[in-house]
There are 2 protein chains.
Amino acid sequence: MRILIVGASGTVGQAVTSALSSQHEIVKAGRSHGEFRVDILDIGKVRSLFKEVGTIDAVVCTAGNVHFGPLATMSAEKLWIGLQDKLMGQINLVLAGQTYLTDGGSFTLTTGSLSQIPIREASSASMVDGALESFVRAAAIELPRGLRINAVSPTILQESMDAFGHYFHGYEPVPASRVALAYVRSIEGAQTGEVYKVW
Amino acid sequence: MRILIVGASGTVGQAVTSALSSQHEIVKAGRSHGEFRVDILDIGKVRSLFKEVGTIDAVVCTAGNVHFGPLATMSAEKLWIGLQDKLMGQINLVLAGQTYLTDGGSFTLTTGSLSQIPIREASSASMVDGALESFVRAAAIELPRGLRINAVSPTILQESMDAFGHYFHGYEPVPASRVALAYVRSIEGAQTGEVYKVW
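Draft legend 1. Structural view of the overall build of chain A. Along the backbone of chain A there are six helices and seven strands. Ordered by position in the sequence, the α and β elements of chain A form the string β-α-β-β-α-β-α-β-α-β-α-α-β. Over its C-alpha atoms chain A spans a radius of gyration of 16 Å, differing by no more than 12% from the 16 Å that the globule rule assigns to 199 residues. Dimensions along the principal axes, computed over C-alpha positions, put chain A at roughly 45 × 35 × 35 Å. Looking at chain A residue by residue over its 199 residues, the buried ones come to 58%. Residue pairs at least 24 apart in sequence account for 67% of intrachain contacts in chain A once pairs closer than 6 positions are excluded. The average position of the 16 basic charges and that of the 18 acidic charges among the side chains of chain A differ by 1 Å.

In structure tokens, the structure reads:
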């Protein structure tokens, strides 16, 4: 398969690339790294990306930011960061990509354990992850031409413990290489509308 | 208790008002009906509402719009309608209200069965409902002073079958009066971070 990975330079993106590259052709895209540069917050630019890259059988997105901070000082503006970036950035790939992917192709998005298991200061991440999981279930029953869509839900990564570990005391981190296997299951498997938990 | 109902003139809002009004003082608010007029999409106006209404022990929100339409023609703009209105409108009430509600007070928001059980043309509603449910779980563990937050998840209402029944063939509608009971459970009960399914 020819697989587009958006966010390929990130920790998870690199691990997914490693897990897939012996069997598949990988096309890397990102905001500031990769063969193709794209701002996925702009659906017009996402459409241009699909036109440029040509035939694609699977899309993986491992890009997306949210704001972390206490609910007491959370503002609407801070919540919009996650809605525009991690949520709508990924969904723009689906809205645009549904007409470009080859028959039977797949989308694999990235959610996270916070949709189900909240921690302090992560109400934005929880909200965005919950939105992504329900969107994936809904899109799965409407996509045409045998297209599939799933999401991978990692918990805190071993590689992110220095930066984010203080939010996740008591949670068992997982290596990005283990998270990457879930993307492989989504792409090479036959399921749709699934959330693959890696926690 | 003194209970603020935002969206009190809607089908569910009226039923919740009926269910609560013999035991509680109800303050009705809405975009174009009620004692207090408020555009909940504007958090500044939500703050002004809380200042105006005075002491409030519980907030119910039964207001919120989303766009229905096929995934094939769904645009980012159409998805933004639900994110701005049903999602952030309700969340603005929580962000602003967390400093105004009396100790031990509660928020009860409105989600829907589509977060878990998708139907055609409702990817926006699914996404918004999923976001609300995860936000409620996350906010519940951060709210101060014994404040609680829950959501009620109705399926299609008997009263809405004429307008929306064609989307929900095979689904068993519920009367708004039965949905209203879940809001009473949320307000008078002691749970927090819960989603009360009425389906």
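Draft legend 2. Spatial organisation of helix 6 (residues 176-188) of chain A. All names here are of chain A. Taking 1.5 Å as the rise per residue, helix 6 with 13 residues should run 18 Å; its terminal C-alpha atoms sit 19 Å apart, in good agreement. Along helix 6, the residues classified as buried are A176, V179, A180, A182, Y183, V184, S186 and I187. Looking at the packing, one finds that the buried side of helix 6 touches strand 1 (2-6), helix 1 (11-20), strand 4 (58-61), strand 5 (106-110), strand 6 (148-154) and strand 7 (195-198).

Draft legend 3. Representation of the sheet that holds strand 3 (residues 36-37) of chain B in the model. Residues and elements named next belong to chain B. Reading across the sheet, the seven strands line up as 3-2-1-4-5-6-7 and stay open at both edges, with parallel pairing between neighbours. Strands at the two margins of the open sheet, each flanked by one partner only, are strand 3 and strand 7 (195-198). Sheet topology note: the strand 6 (residues 148-154)/strand 7 ladder contains four bridges and is parallel. Each residue of the ladder has a partner; that of S153, found in strand 7, is K197.

Draft legend 4. Summary view of the packing of helix 2 (residues 43-53) of chain B against helix 3 (residues 76-97) of chain B. Residue and element names in this part refer to chain B. With their axes 9 Å apart at the nearest point, helix 2 and helix 3 run at an angle of 55 degrees to one another. Our classification of the angle between helix 2 and helix 3 gives oblique. Handedness of the crossing formed by helix 2 with helix 3: right-handed. On helix 3, the residues touching I43, V46, R47 and F50 of helix 2 are N92, L93, L95, A96 and G97. Across the contact of helix 2 with helix 3, the residue classes tally to six nonpolar, two polar and one charged.

Draft legend 5. Structural context of the nonpolar core. A:L4, A:I149, B:L4 and B:I149 are the most contacted members of the largest nonpolar core, which has 85 residues in total. Per-element accounting of this core gives the leading share, 11 residues, to helix 3 (residues 76-97) of chain A. Apart from the residues within four sequence positions on either side, A:I149 is in contact with A:V94, A:F107, A:L109, A:F135, A:V136, A:A139, A:A140, A:L143, A:T192, A:G193 and A:E194.

Draft legend 6. Looking closely at the interface of chain A and chain B. Contact residues are listed per partner, giving 36 residues for chain A and 37 residues for chain B. Summing the contributions of chain A and of chain B, the shared interface buries around 3000 Å²; its carbon and sulfur component is 72%. Of all residues in chain A, the largest losses of buried area upon contact with chain B belong to A:L71, A:W80 and A:E142, amounting jointly to 22% of the total for that side. At the junction of chain A and chain B, the tally comes to zero salt bridges.

Draft legend 7. Representation of the confidence of the model for chain A within the structure. When pLDDT is averaged across chain A, the result is 97; 100% of the residues are at 70 or more. What the predictor reports for the complex is a pTM of 0.98 with an ipTM of 0.97.

Draft legend 8. Region of interest: the relation of the copies chain A and chain B. For the pair chain A and chain B, the superposition axis carries a translation of 0.0 Å, the fit reaches an RMSD of 0.0 Å, and the rotation angle comes to 180 degrees. Expressed as a symmetry operation, the mapping of one chain copy onto the other fits a two-fold axis. Proximity to the rotation axis, assessed at the C-alpha, singles out A:A131 in chain A; its C-alpha lies 2.1 Å from the axis. Residue by residue, 100% of the interface of chain A is reproduced at the interface of chain B, so both copies engage with the same surface.

Draft legend 9. Fine view of the packing of aromatic side chains. One pass over the full model with this rule turns up 11 aromatic pairs over all chains. Taken together, a centroid distance of 5.5 Å and an interplanar angle of 50 degrees make the contact between A:W80 and B:W80 tilted. With one member in each of two chains, A:W80 in helix 3 and B:W80 in helix 3 form a pair that bridges those chains. In this structure an aromatic cluster arises from ring pairing among A:F68, A:F164 and A:Y167.

Conventions we followed
- Residues numbered from 1 in each chain as written.
- Chains lettered and ligands numbered in written order.
- Predicted model: local features only at pLDDT ≥ 70, side-chain atom pairs only at ≥ 80, totals over all residues.
- Heavy atoms only, no water.
- Helix = DSSP H or I, 4+ residues; strand = E, 2+ residues; numbered from the N terminus.
- Rg over C-alpha atoms; globule rule 2.2 N^0.38 Å.
- Buried < 20%, exposed > 50% of the residue type's maximum accessible area, 1.4 Å probe, protein only.
- Contact = heavy atoms within 4.5 Å.
- Lys, Arg positive; Asp, Glu negative; His and termini not counted.
- Charge placed at Lys NZ, Arg CZ, Asp CG, Glu CD.
- Expected span 1.5 Å × (residues − 1).
- Pairing = 2+ DSSP bridges.
- Axes fitted to C-alpha atoms, helices over the stretch in contact; angles between N-to-C directions.
- Parallel < 35°, antiparallel > 145°, perpendicular 65-115°, else oblique.
- Left-handed = near helix turned anticlockwise from the far one by under 90°.
- Nonpolar A, V, L, I, M, F, W, Y, C, P; charged D, E, K, R; others polar.
- Core = buried A, V, L, I, M, F, W, Y, C linked by side-chain atoms within 4.5 Å.
- Buried area = accessible area lost by both parts, 1.4 Å probe.
- Salt bridge = Lys/Arg side-chain N within 4 Å of Asp/Glu carboxyl O.
- pLDDT = per-residue confidence, 0-100.
- Least-squares fit on C-alpha atoms with pLDDT ≥ 70 in both.
- Phe/Tyr/Trp six-rings, centres within 6.5 Å; stacked < 30°, edge-to-face > 60°.

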